[in-house]
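# Residue-level structural notes
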Amino acid sequence: MRRGREVIPNVSESLRLSFHGAAGTVTGSRHLVHAGKTRVLLDAGLFQGLKKLRLKNWESPGFEPSMVHHMLLSHTHIDHVGYLPRLVKLGLDAPVYCTPAAYELAELMLLDSAKIQEEDARHANRKGYSKHHPALPLYTAADARRALELRRVLRYNQWLDLEPETKLRARFLNSGHLLGSAFIEMRMELGGREICLVFSGDIGRHDMPLHLDPRPLPKCDVLIIESTYGTKLHPTTPIIDQIRVPFKETLDQGGTILIPAFAVGRSQQITLVLRRLMKTGQLPEVPIHIDSPMAFKATRIYSRFLDPRNIDADVYEDGRLKLFPENVRLHRTTAESMELNKLSGPRILISSSGMLSGGRVLHHLKRLAPDPRNMVMLVGYQAEGTRGRAIAEGRDTVKVHGQHIKLRCRNVQIHGLSGHADRQGLLDWVASAPEPPKIAFMVHGRPDRAEALGAALQEQARRAQHSMQTFVPEFGQEFDVSALLDG
Ligand SMILES: [Zn+2]
């Protein structure tokens, strides 16, 4: 890997890139394109996870937010959009372009994120552990609403003119990762040549329930690519083979299955998978309850924006484009959630959060975990220190709301529903372009995974008789891309 050259300031005819997050880490996606005199921000993600990273959200972003002319948003996961209200607080006043579904989901995600920020500040004040007195939220619901006012809709495949002098334009192409998710293609004329830059956002997988396959990569000079699974391959065991036996046994003995799941995307995906298995007789027909106000709202957005091409005919059921018309109940209000306490017998209950770090799922865990007839089904990765991890490790008890809850229920952890392309998926996506990019920047991955993906991309390009320069940018690093293209 080569390091970036020294940047010559005030070059109005050059393309430069600077990286302000998701550089050597998987969260905080923020990249700034300096196309001549125009500055375009790609994503405004929140740093998440370890405290060291979360504290970065309080630091200067490393650029002047008021100097950004346009922002393009790849999708609405918090590590891509959750920093936007903070940036607006710091002076960002630029149109934020996103797809129509992302427009709707952004409201849901940012208002929820603001609520969490406000709760964290209140919690810090109660416990007195903040350095600041009183502890302030990173942003409030009012800040989130101001950020949401900057949204502008840009449909998939439609070119948007950003700057006439350099013919700077951009469009969104479906990345198949989340409803409304996109990768971003930018074209411009700088220093007497046309340059095409693509930012991958997060790349999804093929043949996933609910989402279309990622569109092929167009021919481009410069690629900024995520590397979340730069060294990993997803397991290929079908979901049904992972769950058939434990599900059938639990339901046959009258038990309830609790599935902790993220409210947006994941809850809908799991429900869809389970409905299909029931309709095809692979699982017994039992009621499915989705207990989460956010999942309720997200399901409505999914139902409205779902592309008919990404669902099978059986989802139509009653002939309408509605996700779950049959045997699925959505519980929005607290009263509707409480009703579930009275219901017993074979049924499936889906509730957030996905790693049991908070939310309504904890009430259900308290009620269901001590009974050996019941089961908790964990979906995907469970971070260290979470209750999800404790259950996956087969501990005897878990602490919920100050009480030690006995874990006598069965548990099963399923894999294979990740929304990210794995190493091979990323390589195949890059290979879907008519020819390899000349330069690739690996972001949104641990440094070892980013480096490994870069090496694999170089090797793939070499086999196609092309050369590719690859870089793993560091936090705050800036590159003179025009000079690299000359080099
Ligand atoms: Zn994502």
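Preceding this paragraph is the structure being described.
For clarity, every value in this text was computed on a predicted model and none was experimentally measured. (Residues numbered from 1 in each chain as written. Predicted model: local features only at pLDDT ≥ 70, side-chain atom pairs only at ≥ 80, totals over all residues. Heavy atoms only, no water.)

## Points about the sheet that holds strand β22 (residues 478-480)
So the rule is basically this: A pair of strands is labelled paired if DSSP reports no fewer than 2 bridges between them. Helix and strand assignments follow DSSP, with helices taken as H or I runs no shorter than four residues and strands as E runs no shorter than two, numbered in order from the N terminus. To define axes, lines are fitted to C-alpha atoms, for helices over the stretch in contact only, and angles between the resulting N-to-C directions are given on a 0 to 180 degree scale. Whether two residues are in contact is decided by their heavy atoms: any pair within 4.5 Å suffices.
Taken together, seven strands build an open sheet; the order of strands is β6-β5-β4-β3-β2-β1-β22 and the sheet is mixed. Of all the strands in the sheet, just β6 (151-153) and β22 have a single pairing partner and so form its edges. Sheet twist, expressed as the average angle between the axes of neighbouring strands with direction ignored, equals 25°. In this structure, strand β5 (residues 96-98) lies alongside β6, joined through three bridges in parallel fashion. Note on β6: the bridge partner recorded for Val96 is Arg151. Packed onto the sheet, helix α4 (residues 100-127) meets β5 and β6 and runs at close to 155° relative to β6.

## A closer look at the coordination of the zinc ion
Basically, it comes down to this: A donor here means an N, O or S atom no more than 2.8 Å from the metal, or no more than 3.2 Å when the metal is Na, K or Ca. Since water is not included, a site may seem to lack partners. Only protein chains enter the accessibility calculation, which uses a 1.4 Å probe; a residue is then buried when its area is under 20% of its type maximum, exposed when over 50%, and partly exposed in between.
At 2.1 to 2.3 Å from the zinc ion lie its protein donor atoms, namely His75 (NE2), His77 (ND1), His177 (NE2) and Asp202 (OD). Donor residues for the zinc ion sit on one chain with the sequence pattern H-x1-H-x99-H-x24-D. With His77 in the loop between β4 (70-72) and α2 (78-81) and Asp202 in the loop between β10 (193-199) and β11 (222-226), this pair connects stretches of sequence that are 125 residues apart. Asp202 sits in the buried class, given a relative accessible area of 1%.

## What to know about the packing of helix α13 (residues 423-431) against helix α14 (residues 447-463)
So the rule is basically this: Any angle between 65 and 115 degrees counts as roughly perpendicular, while under 35 counts as roughly parallel, over 145 as roughly antiparallel, and the rest as oblique. Handedness of a helix crossing follows the sense of rotation of the near helix relative to the far helix, less than a right angle counterclockwise being left-handed and clockwise being right-handed. We call Asp, Glu, Lys and Arg charged. Ala, Val, Leu, Ile, Met, Phe, Trp, Tyr, Cys and Pro are nonpolar, and the rest, Gly among them, are polar.
It is at 11 Å that the axes of α13 and α14 come closest, and there the two elements cross at 40°. Relative to α14, the element α13 lies oblique. For the crossing formed where α13 meets α14, the hand is right-handed. The segment α13 lies against α14, with Arg423, Leu426, Leu427, Val430 and Ala431 engaging Ala452, Leu453, Ala456, Leu457 and Gln460. Classifying every residue of the contact of α13 with α14 gives eight nonpolar, one polar and one charged.

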